[in-house]
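Understanding the architecture of this molecule
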Amino acid sequence: MTNNTRTLKKISLQGFELTPSQIWGNVRLVPVIKKKNTENLRLGLRQYEAPYSVVCLDGKAPLQDTKSYYYSYIPSALIATWTTDQTKAKTYGCQLEKIDGPANFGARLEERLAKKEGNRQLRFLPLHLAMEGFLGLHFSGPDFKWDEYSEIAMRQGLVSRHESSIDGYDIEGFDEALRLFEIHPQQVGVVVFVSDALASIFILPNNGDYHVLHKMLLQDFYAEILFHYGQHRYQAPNLATIEDNFSINSHQDLHNLIEKTRKSAQQQYEGLLHDVLDREISSKVIKRLGKFRLQRFSTNFDTDKLNFIGEAITGPTGSLEYLKTYQLSNTQTRRAYILKTLAENDWNLEATGKTIGCSKKDIIRRLHQLGFAYLLKGCPHN
């Protein structure tokens, strides 16, 4: 899973068990089970009273020296606590702490998306780490002064970028599904499908953390397409197949049947997850948490497949301790793909066209369609 620098290369659910799903209409929730909890890393929730936030990405004095900001609706943060040996980490929320201050002009000011608070505590903003990395992709723009690019592109790069999404409350039936969901004793996460399209994988290091953070899924943000999937009149089928001719004459027979059914279900779910599991990803370590690593990742923006961004915490042996994913829309994937290809070709439009298999004129047309027209000369906004 990892190389010597311990960056994540693939998402693998090795060590976890996907048990038969619970279904509510078109929402399918697949419990993720881990037999042994991680005790020296815990994640807790810090809820914000003022959810609209301005994050100073460089950590300098807010609204004065900072040049890069991230604006978003951020209702909560995750707090990671850890130990450097095998002793149990203290869960965030069990200690007295200073009450969150009042909002400034209705919005919070934060320093960095991930910031250490003492020796063994880290605050980070879930999914926003991944989204900021996506928005900052090749943000500096062209490296060479090609004739086609505007003064804006050469001086300011991609300027400000934004993406829109929905929260869990906007997916029809999702809040009811979570409310009725029966949590397994050893459950550390869940895989969420809407009309059997993957909405999210959410995994935590400890089953106690999951019990606390279960409803946090409603506050997460999701691809807009999931709103439409939630409107479908689709009844998710039961994927756990049971043999018709299996005779049960003993407790062992019953045990064998249950094991067969669970294995069958796991194979079906892994098939639904083929766009994210065991696929090559790019990742970057954001913070070290003792022996653990917080990193963000993205798939390779293959326009023929579904693509994902996300965050993960890995252990010293490469074990997956925390995971949260976000599915990119087709348009978001195409934007990332063309920016990546432009950067790989030093922003030369003709060379980029040859790589993609189209003409320079087609590349210019695509840049207009994807909202990057301002990068080019002749744009009405120049």
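Residues numbered from 1 in each chain as written. Predicted model: local features only at pLDDT ≥ 70, side-chain atom pairs only at ≥ 80, totals over all residues. Heavy atoms only, no water.

**So, the overall build of the protein**
Of the regular secondary structure elements, the protein holds nine helices and 18 strands. In terms of overall dimensions, the protein is globule-like: its C-alpha atoms have a radius of gyration of 23 Å, near the 21 Å expected for 382 residues. Across the 382 residues of the protein, 49% fall into the buried class. Looking at the protein alone, contacts between residues at least 24 apart form 66% of all its contacts between residues at least 6 apart. Element-wise, carbon and sulfur atoms account for 48% of the exposed surface of the protein, whose accessible area totals about 19,400 Å². The averaged location of the 43 negative side-chain charges in the protein is 6 Å from the averaged location of its 47 positive side-chain charges. (Helix = DSSP H or I, 4+ residues; strand = E, 2+ residues; numbered from the N terminus. Rg over C-alpha atoms; globule rule 2.2 N^0.38 Å. Buried < 20%, exposed > 50% of the residue type's maximum accessible area, 1.4 Å probe, protein only. Contact = heavy atoms within 4.5 Å. Areas by Shrake-Rupley, 256 points an atom, 1.4 Å probe, with all protein chains shown as cover. Lys, Arg positive; Asp, Glu negative; His and termini not counted. Charge placed at Lys NZ, Arg CZ, Asp CG, Glu CD.)

**Thoughts on the packing of aromatic side chains**
Pairs of aromatic rings are described using the distance from one ring centre to the other and the angle between the two planes. Applying the stated criterion across every chain, the model contains eight aromatic pairs. Sitting over the face of the ring of phenylalanine 134, arginine 161 holds its NZ or CZ atom 5.9 Å from the ring centroid. (Phe/Tyr/Trp six-rings, centres within 6.5 Å; stacked < 30°, edge-to-face > 60°. Lys NZ or Arg CZ within 6 Å of the ring centre and 35° of its normal.)

**Overview of the environment of cysteine 358**
Along the polypeptide, cysteine 358 turns up in the loop between α8 (349–356) and α9 (360–369). You can call cysteine 358 buried: its relative accessible area is 17%. Among all residues touching cysteine 358, those that are not within four sequence positions of it are Gly353, Ile363 and Arg366.

**What about the packing of α8 against α9?**
How two helices sit against one another is set out by the angle between their axes and by the gap between those axes. Where α8 meets α9, the closest approach of the two axes is 8 Å, and the angle between their N-to-C directions is 95°. One finds that α8 runs roughly perpendicular with respect to α9. Of the residues in α9, those touching α8 at Leu349, Glu350, Thr352, Gly353 and Ile356 are Lys360, Ile363, Ile364, Arg366 and Leu367. Partitioned by chemical class, the residues of the contact of α8 with α9 number five nonpolar, two polar and three charged. (Axes fitted to C-alpha atoms, helices over the stretch in contact; angles between N-to-C directions. Parallel < 35°, antiparallel > 145°, perpendicular 65-115°, else oblique. Nonpolar A, V, L, I, M, F, W, Y, C, P; charged D, E, K, R; others polar.)

**Looking at the sheet that holds strand β5 (residues 52–56)**
The three strands are arranged β6-β5-β8 in an open sheet whose pairing can be described as mixed. Edge positions in the open sheet fall to β6 (69–73) and β8 (108–111), since each of these has one partner strand only. On average, each strand axis in the sheet is inclined to that of its neighbour by 25°, with strand direction left out of account. Strand direction decides the pairing type here: β5 and β6, joined by five bridges, are antiparallel. Note on β6: the bridge partner recorded for tyrosine 52 is tyrosine 73. (Pairing = 2+ DSSP bridges.)

**Looking at the packing of helix α7 (residues 330–344) against α8**
Where α7 contacts α8, the two axes come as close as 9 Å, and the packing angle between them is 120°. Looking at the two axes, α7 sits oblique to α8. Seen along the crossing, α7 lies across α8 with a hand that is right-handed. Side by side, α7 and α8 meet where Tyr337, Thr341 and Leu342 of the first sit next to Leu349, Thr352, Thr355 and Ile356 of the second. Partitioning the contact of α7 with α8 into residue classes produces four nonpolar, three polar and no charged. (Left-handed = near helix turned anticlockwise from the far one by under 90°.)

**A closer look at the pattern of salt bridges**
It is possible for side chains bearing opposite charge to pair when their charged atoms get close. Under the criterion given, the structure shown has 17 salt bridges. One salt bridge in this structure joins arginine 46 and glutamate 117, with 3.0 Å as the shortest N-O distance. Placement of the pair is arginine 46 in strand β4 (residues 41–47) and glutamate 117 in the loop between β9 (114–116) and β10 (121–124), with a sequence separation of 71 residues. Within this structure, Arg108, Glu110 and Arg123 form a network of salt bridges that share partners. (Salt bridge = Lys/Arg side-chain N within 4 Å of Asp/Glu carboxyl O.)

**A few points about the nonpolar core**
Taken as a class, soluble globular proteins show a tendency for nonpolar side chains to be buried jointly. Among the nonpolar cores identified, the biggest contains 55 residues, and Leu29, Phe124, Phe174, Phe202, Leu289 and Ile313 are the most heavily contacted of them. Looking at which element gives the most residues to this core, the answer is helix α1 (residues 128–135), with five residues. Discounting residues that sit within four places of it in the chain, phenylalanine 124 has contacts with Leu43, Ala77, Leu78, Ala80, Leu113, Ala114, Leu129, Leu294, Glu311, Ile313 and Tyr322. Phe16, Val30, Leu273 and Ala312 belong to the second-largest nonpolar core, a separate cluster that totals 25 residues. (Core = buried A, V, L, I, M, F, W, Y, C linked by side-chain atoms within 4.5 Å.)

**Some thoughts on the side chain of arginine 335**
Tracing the backbone shows arginine 335 in helix α7. At a separation of 3.2 Å, a polar atom in the side chain of arginine 335 contacts the main-chain carbonyl oxygen of leucine 370. Apart from the residues lying within four places of it in its own chain, the contact partners of arginine 335 are Arg161, Glu163, Leu370 and Phe372. (Polar contact = N/O pair within 3.5 Å; in protein donor to acceptor, adjacent residues only side chain to side chain.)

**Topic: the layout of surface pockets**
Considering only enclosed or pocket space, the largest pocket measures out at about 710 Å³ in volume. Surrounding the largest pocket, 32 residues form its lining, Tyr70, Tyr71, Ser72, Leu135 and Arg161 being those nearest its centre. Among the residues forming the lining of the largest pocket, the class breakdown is 16 nonpolar, 10 polar and six charged. (1 Å grid on protein atoms, 1.4 Å probe; cavity = no way out; pocket = protein on both sides within 12 Å on 5 of 7 lines; lining within 4 Å. Points joined across faces, edges and corners; volume = space filled by probe spheres on them.)

**Looking at the pairing of strand β16 (residues 292–298)**
The buried fraction of β16 amounts to seven of the seven residues, a majority that puts the element mostly inside the structure. Here strand β15 (residues 282–289) runs beside β16; their pairing, made up of seven bridges, is antiparallel. When the sheet's bridge partners are listed, arginine 288 is paired in β16 with arginine 293. Following β15, the chain reverses through two residues before pairing antiparallel with β16; glycine 290 in that reversal takes a positive phi of roughly 65°.

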